[in-house]
Amino acid sequence: MATTSARLLTALGLLQSRADWSGSELAQRLGVTDRTVRNDIARLRELGYPVSAVRGPGGRYRLGAGAVLPPLLLDDEEAVAVAVGLRVTTGMKGFEESGSRALSKLEQVMPHRIRRRLEALRTATSAGPANTDSNIDDPVVEPGLLIEIAAAIRDSQRLRCDYGDSRLEVEPYHLVAWQRRWYLVARDVASGEWAPLRVDWLRLRHPGGRRFSPVRPPGDLTEFVAREVARSGWSVHARLVIDAPRDEVVARINPAVGTVEPLDDGRCVLVTGGDTLEIVAVWISMLGLDFVVEEPPELVEHLRELADRYARAVDGSV
């Protein structure tokens, strides 16, 4: 049988991992009697952990919210997963400092064996740049702004905000991180229209709006963001005729980042876009199919420059 202190930590970890437990379930997991479980629960309460219970046969235990913050008990895999996730977060604009602080605190309380495993993983791995990365700076979004928006979503409270040159009052529904941007899916109070709003363009006005009764959103909101941004949210919009059937093109792309329409001659039209001409050119080349650019003319000129550059690279005339 484990020592009392070790068993208390195990019991606390079990109570954190699930909403509630019966006394018999805890006894079985801890390898003790029901009476020992009751004694352990009493000790946890004495230490300041708010464990509620329903007495009688089939009584259950639940760890409630209280003034004393219980220790966060993670197993080896969970601790490493959180630490690796924080490493990624520190590379996001606006989260460098807070992510680094959180990671430092986590590493300080990690057991030696887990810290060694994380250090080994960090030393042995690295991340290369994404092949759809951008050649423009990432927009900065303050964590505090995301927290305010998330609270408004939770409380079904309207947001009053400046968005570009417009003043809006919207009903917020969901935050989506996609293509190195944060988007708020919201419903405009005045028009009733749904739109993905770039969070880095939002400036909240205080106080906020009134509470609202949520309505059914237009399908999956993550897909909605990707579809709407591909249709109208890019800085560069492109229309291309692809020398392949629609099904073949759809199989090679994420349908959320562009629309594909079939033509009578067996080819299809791809409407897509990106932050810059360079990014659009990269995406097009990754199709691996012949194509003709219908618009914009700036993309045609950029592709001519790339063709000349690649030709010089092949014939050695650089």
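Quick note: structure is the one above.
Read on for a plain summary of the structure. (Residues numbered from 1 in each chain as written. Predicted model: local features only at pLDDT ≥ 70, side-chain atom pairs only at ≥ 80, totals over all residues. Heavy atoms only, no water.)

### Thoughts on the pairing of strand 11 (residues 268–274)
Stage number 1. In terms of residue burial, strand 11 counts as a mostly covered element, since 6 of its 7 residues are buried.
Stage number 2. Alignment of strand 9 (residues 236–242) against strand 11, held across 7 bridges, turns out to be antiparallel. Bridging across to strand 11, L240 finds its partner in L270.
Stage number 3. Between strand 10 (residues 259–262) and the antiparallel strand that follows it, strand 11, lie 5 residues; G266 among them carries a positive phi value of about 95 degrees. (Buried < 20%, exposed > 50% of the residue type's maximum accessible area, 1.4 Å probe, protein only. Helix = DSSP H or I, 4+ residues; strand = E, 2+ residues; numbered from the N terminus. Pairing = 2+ DSSP bridges.)

### Some thoughts on the packing of helix 1 (residues 4–17) against helix 3 (residues 34–46)
Stage number 1. Between helix 1 and helix 3, the shortest axis-to-axis distance is 10 Å and the interhelical angle comes to 85 degrees. One way to sum up the angle between helix 1 and helix 3 is to call them roughly perpendicular. Facing T4, R7, L8 and L15 of helix 1, the residues of helix 3 in contact are T36, D40, I41, R43 and L44.
Stage number 2. For the contact of helix 1 with helix 3, the per-class residue count stands at 4 nonpolar, 2 polar and 3 charged. (Axes fitted to C-alpha atoms, helices over the stretch in contact; angles between N-to-C directions. Parallel < 35°, antiparallel > 145°, perpendicular 65-115°, else oblique. Contact = heavy atoms within 4.5 Å. Nonpolar A, V, L, I, M, F, W, Y, C, P; charged D, E, K, R; others polar.)

### Some words on the nonpolar core
Stage number 1. Core analysis: the biggest nonpolar cluster contains 19 residues, and L240, I242, V249, L270 and L299 have the highest contact counts within it.
Stage number 2. Counting only elements with at least two residues in this core, the list comes to strand 9, strand 11, helix 10 (277–285) and helix 11 (297–315).
Stage number 3. Among the elements that make up this core, the one with the highest residue count is strand 9 (4 residues).
Stage number 4. Discounting residues that sit within four places of it in the chain, L270 has contacts with A238, R239, L240, I242, I253, T259, V260 and L287. (Core = buried A, V, L, I, M, F, W, Y, C linked by side-chain atoms within 4.5 Å.)

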